[in-house]
Every structure is written in C-alpha cells, then in structure tokens.
Amino acid sequence: FSQLELDTPQLKGNTRFALSVQEKRPFFLEGTDLNSTPWNLIYTRSVTDPAWGARATYRSPTTDATVLTVNDKGGGFVIIPGTYYSDYRDQGPSQTTVARVRQAFTSELGTGSVGALFSDRTYRDGTTNRAAAIDGIYKPNNETKFRAQLSGSQTDDWQTVGEPKKSAGSLVYVDGNYDDGVKHFWSSLTSVSPGFRSDNSIASQVGYQMLALEMWRCGKREGFFYNICPGLAGREQHTWSGEVLNRWLTPVLYMNGNRNSEWNMQPR
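Here the structure is a predicted model, which is why all the values come from computation and not from measurement. (Residues numbered from 1 in each chain as written. Predicted model: local features only at pLDDT ≥ 70, side-chain atom pairs only at ≥ 80, totals over all residues. Heavy atoms only, no water.)

### Considerations on the pattern of salt bridges
Definition in use: Any carboxyl oxygen of Asp or Glu within 4 Å of a side-chain nitrogen of Lys or Arg constitutes a salt bridge here. Strands here are runs of E lasting at least two residues and helices are runs of H or I lasting at least four, both read from the DSSP assignment and numbered beginning at the N terminus. Only protein chains enter the accessibility calculation, which uses a 1.4 Å probe; a residue is then buried when its area is under 20% of its type maximum, exposed when over 50%, and partly exposed in between.
Enumeration according to the criterion identifies 13 salt bridges in this entry. In this structure, R59 engages D33 in a salt bridge whose closest nitrogen and oxygen atoms are separated by 2.8 Å. On the criterion of sequence distance, the pair formed by R59 in strand β1 (residues 50-59) and D33 in the loop between α1 (26-29) and β1 is long-range, its members being 26 residues apart. Taking the relative accessible area as the measure of exposure, R59 reaches 44% and is therefore partly exposed. The closest approach of N and O atoms between D120 and R130, which form a salt bridge, is 2.8 Å. Highlighted residues: D120 in strand β6 (residues 110-123) and R130 in strand β7 (residues 128-139), separated in sequence by ten residues. By relative accessible area, D120 is classed as buried at 10%. In the salt-bridge network here, residues are joined through shared partners; they are D33, R59, D64 and R102.

### Brief notes about the pairing of strand β3 (residues 77-80)
Which entries qualify depends on this criterion: Strand pairing requires that DSSP identify at least two bridges connecting the strands.
Where burial is concerned, the two faces of β3 differ: the one with V78 and I80 is buried and the one with F77 and I79 is not. Where β3 meets strand β4 (residues 87-90), four bridges bridge the pair, whose relative direction is antiparallel. Counted as the bridge partner of V78 is R89 from β4. Connecting the antiparallel pair β3 and β4 is a turn made up of six residues.

### Observations regarding the environment of L211
Assignment of secondary structure puts L211 in strand β11 (residues 208-217). Residue classification places L211 among the partly exposed residues on the basis of a relative accessible area of 44%. Considering only alpha carbons, one finds L211 and G31, 180 residues apart in sequence, at a separation of 31 Å.

### Observations regarding the state of the cysteines
Short version of the rule: The definition used for a disulfide is geometric: two cysteine sulfur atoms within 2.5 Å.
Counted under the stated rule, the structure contains one disulfide. Put simply, C218 and C229 are joined by a disulfide, and their sulfur atoms are 2.1 Å apart. Judged by the torsion about the S-S bond (105°), the C218/C229 disulfide is right-handed. Residue C218 is located in the loop between β11 and β12 (219-220), and its partner C229 is located in strand β13 (residues 225-239); the two are separated by eleven residues in the primary sequence.

### Quick look at unusual backbone geometry
At R259, a residue that is not glycine, the phi angle is positive and equals roughly 60°. Among the secondary structure elements, R259 is positioned in the loop between β14 (244-257) and β15 (261-265). Taking relative accessible area as the criterion, R259 reaches 83% and is therefore assigned exposed.

Written out as structure tokens, the structure reads:
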C-alpha cells in the first residue's frame, strides 16, 4: 500500500470545501475506469491507512464488474458535506466495500452502457454510511452523448453534531454534450439533497441545485493562434430552499496557439 509518489501541491488555505487528491497507490488503481460514473461516488483516497485489502475484477466484451474491500485503520478525517462549506470529524477504523457492474450495449439507435454501484463504510464504533447508484450513458452518434445518474444514501452517525442520528439523501445528475470539432454545446443539471453523504467519495457540497452550460464555435486560421473559439458559459446554483449561491453568464474566448499554448479568457 506504500505511496510511490508525493502528492501534487494544492492551494488549501482559503478553500471552503475539501480538496481532491489524485490516487497513486497501485492497489487502488486497478479497474479505476469501472468506478467512474457521471457524478463520482468513489474516492479511494478516503481510505487513509489500509491494513489489508482484497479485490476481484471481471472483464468481458460487454460486461465489466469489480468488488473491492479494504480494512482501514483510520487516522484521517471523515468529510461532512454541507451547502456552504464542508466540515470534518476524526476517522476511526472502518471496513470499506465497493461493488460496481457495468453493461455495454449496441443497437441501430446508438451505443452506450448502464451500470450500478454500491458503496458501504462501516466503522468500528457502529457508525455506517451506505450509498447506491444507477447510471447510464447513451451515444446516438460520434458527436452526441447523454449521461444520467440517480443515487441515494443512508447514514447512521451519532458523532455528527447538529444532525439526527439517521439521515438519508438523494442525488440526480443529467448532462448532454455535442461536439463535432467545430461546434460545441454542453449542459448539465445537478440536484443534491441536504442529507446526501458518501464517505467513500468526496461529496463535499450538498443541499443545492445547479444548471450549467457552455457553448462555442471554433474557427481555424493561419498564424500564432491557429484555433479560435468564441462562445458563452453560464451557471445558476441555488440552495435547496431557493437562495442563490452563484449566478453568472459570461462570454468565453478559447484559443490554441503555437508552442503548445492554450488561452482561455472569461470576463466576470
């Protein structure tokens, strides 16, 4: 389980939400593509000090599956997500178990996959957190892709101050993307209830609903900037009760240049 590389430095002194750190331990890197969902529910760095672990992975042309269980000695922190900031408490010893299955499909109408995920963390003091999800990806053609995910969680945490002993929550995520190399459009809708929590992920913000979009059109030209893409980006995010967290709409100018340079300008 030894970590082979140092973590990439990140600015953390003025952030309100927990930071995501890249996984570099070989044991946890196997089959990481299977754990990928439209809204990530698996963050293996939440396992801070593993004592032992076991995993099994199955691959076929149409079906993939993986099961992972790890005994964690703890010593880190459990992230307690909130609407305005994420809190934490001490993390005791626990058993972490994750199961994931994904089925690919192909038809005359397009390609895609459907999947299911189960995540459980049981602490030695009796605290438990469980989350489950179903998700799907559909591509009617090479330029268009739709994704959706429905998740639910149940938590029994007597150590969390200000919350009931048992809590439950839900998460809905939907997005669509079109990109033909010249025209690009993407939009997403996210809805996370205040009681949602997944200790095996890094769900640092809950209790909000958000609509986001971006669109641009690219033009090729000769010169230092050989790809110029003017467009528009925006976001509307508010709390579960309707209070605005942030709202903005801005023009975007993205450019590729010589010497492998990228330029992205967004006046706010």
